[in-house]
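Each chain, written out:
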Amino acid sequence: QVQLQESGPGLVKPSETLSLTCTVSGGSISGNYWTWIRQPPGMGLEWIGYIYYTGSTNYNPSLKSRVTMSLDTSKNQFSLKLSSVTAADTAVYYCARRGYDFWRGRGTDYFDYWGQGTLVTVSP
Amino acid sequence: QSVLTQPPSVSAAPGQKVTISCSGSNSNIENNYVSWYQRLPGTAPKLLIYDNNKRPSGIPDRFSGSKSGTSATLGITGLQTGDEADYYCGAWDSSLSAWVFGGGTKLTVL
């Protein structure tokens, strides 16, 4: 059973960079798209972006200028960096897996495994 | 404001049936696959329905999904107290070039 676990600071100061890591267990980084999704308090889910196991990325256009994702295949981990944060970036951050659909020859249209989420608060 | 629109809450008695709607547009629901997720309190979100109406292994057939035009629906029959959770719909949006989700629906089993 694939499991994902987010880790990182729970408090970040405004204008600084938010950094989170997701550790994947029970499965390999290879062959999948590794995704970050967040949920601000009282609001819906927001897709941040994903990184394919090859290293290629696709970010939400609304966040693209501030987002960087990376992989560490030796540790079965992937990471998120979000720069110049403000209070609007306060949210529960989830990591999730988007698989590969061999029949369609592309990524699946869903996220099949999620982490429990970690709350990141942006405050002085 | 979420791109996909869901009712904030629904409720029904144990054993009854409930439906949760998800309304979008031709750039997301109408022309792309819809998925549904369940988030029980304090747990990771779980995939319930994918590709509009398919259930992953281990998801009971009490859960069903359907789509018509720019709207999708999650149905749950034989409600149990353990179904109390937040439910989210999601789809790719071809205009925004991003995945979009609903604001979530809180299910209460009275």
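This text follows the structure it describes.
Residues numbered from 1 in each chain as written. Chains lettered and ligands numbered in written order. Predicted model: local features only at pLDDT ≥ 70, side-chain atom pairs only at ≥ 80, totals over all residues. Heavy atoms only, no water.

(A) Focus on the overall build of chain A. A tally of helices and strands in chain A yields zero helices and 13 strands. Ordered by position in the sequence, the α and β elements of chain A form the string β-β-β-β-β-β-β-β-β-β-β-β-β. In summary, chain A has a C-alpha radius of gyration of 14 Å against a globular reference of 14 Å for 124 residues, a match within 12%. Burial statistics for chain A: of 124 residues in total, 47% are counted as buried. (Helix = DSSP H or I, 4+ residues; strand = E, 2+ residues; numbered from the N terminus. Rg over C-alpha atoms; globule rule 2.2 N^0.38 Å. Buried < 20%, exposed > 50% of the residue type's maximum accessible area, 1.4 Å probe, protein only.)

(B) Spotlight on the sheet that holds strand 1 (residues 3–7) of chain A. Residue and element names in this part refer to chain A. Pairing within the open sheet is antiparallel, and its four strands lie in the order 1-3-8-7. The open sheet is flanked by strand 1 and strand 7 (67–72), the only strands paired with a single partner. With direction set aside, neighbouring strand axes in the sheet form an average angle of 20 degrees. Summarising the sheet, strand 3 (residues 18–25) and strand 8 (residues 77–82) pair through six bridges and their orientation is antiparallel. (Pairing = 2+ DSSP bridges. Axes fitted to C-alpha atoms, helices over the stretch in contact; angles between N-to-C directions.)

(C) Quick look at the pattern of salt bridges. Overall, the coordinates contain 11 salt bridges over all chains when judged by the stated rule. Each of D101, R104, R106 and D109 of chain A together with D51 and K54 of chain B takes part in a single network of salt bridges with overlapping partners. (Salt bridge = Lys/Arg side-chain N within 4 Å of Asp/Glu carboxyl O.)

(D) Broad picture of the state of the cysteines. Counted by the stated rule, this structure contains two disulfides over all chains. The partner cysteine of C22 of chain A in its disulfide is C95 of chain A, sulfur to sulfur 2.1 Å. Since a negative S-S torsion denotes a left-handed disulfide, the C22 of chain A-C95 of chain A link at about 60 degrees is right-handed. Within this pair, whereas C22 of chain A is found in strand 3, its partner C95 of chain A is found in strand 9 (residues 91–98), the two being separated by 73 residues in sequence. Accessibility classification places C22 of chain A together with C95 of chain A in one group, the buried group. Sulfur-sulfur distance for the disulfide between C22 of chain B and C89 of chain B comes to 2.0 Å. With the S-S bond torsion at 75 degrees, the cross-link from C22 of chain B to C89 of chain B turns out right-handed. (Disulfide = S-S within 2.5 Å.)

Taken by themselves, the reported measurements are silent on function.
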